[in-house]
Amino acid sequence: MNHQSTTCVHVRTPRPPAGQPLSTPIHQTSGFAFTDPDTFAEGMARPDAEPVYTRLGNPTAQALELTVAQLEGGAAGFATSSGMGAINAVLMTSLRSGDHVIAQRSLYGGTFASLEALAHRWGVEVSYVADPDEARAALRPNTRVLYAETISNPVVRVADLPGLFAVGREAGLLNVVDSTFATPLLCRPIEHGADVVLHSTSKYLGGHSDVIGGVAVFADAARHRELWPELVEFGAPADPFAAWLTLRGVRTLAVRMRQHCENAQLIAERLAEHPAVRAVHYPGLPTHPDHDLARALLTGSGGVLSFELADRAAGLEFTRSVRLASLAPSLGGVETLVLHPASTSHRQLTADQLRAAGIGEGTIRLSVGIEHPEDVWADLEQALA
Ligand SMILES: *Cc1c(COP(=O)(O)O)cnc(C)c1O
């Protein structure tokens with residue numbers, strides 16, 4: 001019979017239930033105990049062995065990895081503590097000093113900052129391009145990575161992934177794409193030549209504005225296995241509870257995306273007819289420069305759009321006037337959010353850089369939620385007035 005102090009430490013654990021839980025259990029543990037040292041040792045060495053230590057692998061995080069990998073048509077996934085964690089884990093383990101990266105010009109701000117840091121601190125060369133022709137022209141003998149975003153922020157340009165990745169394939173590059181805005185339900189980039197698909201799961205995959213996370217999906221199991229030892233030492237794994245919240249979001253992803261796309265299409269059409277709105281950027285509108293590409297590449301136009309008001313004052317006044325929608329960062333949650341990029345997410349850009357990114361002083365980005373679209377429209381209409 002143990003002493004009470006020992007019983008306190010070694011709490012009772014019932015044997016696992018015979019029934020399979022309907023919801024994935026949260027394996028809130030830093031590590032796992034073994035009776036067999038060989039099984040323990042194997043778990044330290046391989047991503048497909050038994051989980052040993054949660055930074056290297058955790059069943060709840062693995063449930064998320066397996067699910068997103070399957071949705072993307074990939075071989076394996078790696079769940080991280082944030083979208084930037086996934087992006088940096090992949091860039092830092094795939095690049096070395098002296099390598100060259102070809103990246104799309106209109107990147108997520110954090111990604112642009114990470115590439116600039118790689119350039120300034122670690123001697124990685126970066127060229128920014130707009131299309132496959134520019135990508136081909138930018139190729140160098142030391143080019144290693146081609147980096148794109150399926151749908152860009154905030155003017156929602158759609159990347160010519162088949163064209164870009166054909167260039168990457170021919171040159172033997174690692175084709176990487178951030179597909180956060182598209183989700184695996186609107187586009188499966190691996191079918192168009194991607195080697196790695198990245199997501200900030202803080203957005204649509206989580207979907208409820210209550211968790212930060214990311215995931216990298218690998219087309220090829222061998223590449224995942226090769227990079228895995230460095231990915232886990234990079235040190236940005238998904239926490240089990242965050243992975244669980246994300247998985248709970250993923251379960252309703254299909255119905256949410258359908259509603260996001262339907263609502264955004266209606267809002268985009270109404271905005272396009274409003275006298276105070278100078279232009280609307282949404283791939284679902286025939287006026288969008290990538291409308292045909294979007295129809296070929298995406299199974300829906302997404303939930304994010306942007307539009308132009310007269311000037312900075314009009315933009316800021318609009319963000320002060322919304323009532324149902326919230327003025328907030330991020331996107332992809334069930335609730336409608338508005339943002340004035342020139343004063344917030346893109347404030348570091350100079351006037352020239354803003355123009356190059358297609359962002360005006362009066363640009364508003366809208367992440368259209370899944371509320372009733374007439375209620376969203378009524379709010380936007382009163383804020384425009
Ligand atoms: C939000 C976002 C990121 C960064 O993700 P975090 O989870 O905030 O680290 C990267 N790429 C895109 C396109 C995003 O929208």
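Coordinates for the structure precede this section.
Residues numbered from 1 in each chain as written. Predicted model: local features only at pLDDT ≥ 70, side-chain atom pairs only at ≥ 80, totals over all residues. Heavy atoms only, no water.

> Explain the layout of surface pockets to me, please; I cannot follow it from the model alone.
A probe as big as a water molecule, rolled over the atoms, marks out the empty space that is left. Taken as a whole, the second largest pocket holds about 460 Å³ of empty space. Around the second largest pocket, the lining is made up of 29 residues, and of these P47, Q62, E65, G77 and H224 lie nearest the centre. Mapped onto the lining of the second largest pocket, the elements with two or more residues apiece are helix 3 (59–72), strand 1 (76–80) and helix 9 (221–234). No other element matches helix 3, which puts five residues into the lining of the second largest pocket. (1 Å grid on protein atoms, 1.4 Å probe; cavity = no way out; pocket = protein on both sides within 12 Å on 5 of 7 lines; lining within 4 Å. Points joined across faces, edges and corners; volume = space filled by probe spheres on them. Helix = DSSP H or I, 4+ residues; strand = E, 2+ residues; numbered from the N terminus.)

> What should I look at first to understand unusual backbone geometry in this one?
The phi angle of most residues is negative, glycine excepted, and most peptide bonds adopt the trans form. Cis geometry marks the peptide bond from N153 to P154, where omega comes out at 0°. As for its position among the elements, P154 is in the loop between strand 4 (143–149) and helix 7 (161–170). Although it is not a glycine, V156 adopts a positive phi angle of roughly 45°. Residue placement: V156 occurs in the loop between strand 4 and helix 7. Judged by relative accessible area, V156 falls into the buried class, the value being 1%. (Buried < 20%, exposed > 50% of the residue type's maximum accessible area, 1.4 Å probe, protein only.)

> Could you clarify how one ought to interpret the pattern of salt bridges in this entry?
A side chain of one charge can pair with a side chain of the opposite charge if their charged atoms are brought near each other. Summed over the entire model, instances satisfying the criterion amount to 16 salt bridges. Note that D195 is salt-bridged to R169, the shortest N-O span being 2.9 Å. Within this pair, whereas D195 is found in the loop between helix 8 (183–186) and strand 6 (196–200), its partner R169 is found in helix 7, the two being separated by 26 residues in sequence. Residue classification places R169 among the partly exposed positions, given a relative accessible area of 47%. The shortest N-O distance in the salt bridge between R320 and E317 comes to 3.4 Å. Residue R320 and its partner E317 are both found in helix 13 (residues 312–321); the two are separated by three residues, about one turn of the helix. Take R320: its relative accessible area is 60%, and that puts it in the exposed class. (Salt bridge = Lys/Arg side-chain N within 4 Å of Asp/Glu carboxyl O.)

> Explain the environment of T252 here, please?
Along the polypeptide, T252 turns up in the loop between helix 10 (240–250) and helix 11 (253–272). Each C-alpha atom of the pair T252 and G207 lies 8.7 Å from the other, and the pair is 45 residues apart in sequence.

> Even after reading the chapter, I still don't get the sheet that holds strand 9 (residues 304–308), so can you show me in this structure?
Whether parallel or antiparallel, the strands of a sheet pair through hydrogen bonds between backbone atoms. Here we have five strands laid out as an open sheet, ordered 8-9-12-11-10, and mixed in their pairing. Looking at the sheet topology across the chains shown, the edges are occupied by strand 8 (279–281) and strand 10 (326–327). Bridge count for strand 11 (residues 337–339) against strand 12 (residues 363–367) is three bridges, and the pairing is antiparallel. Bridge pairing in strand 12 links L339 to R365. (Pairing = 2+ DSSP bridges.)

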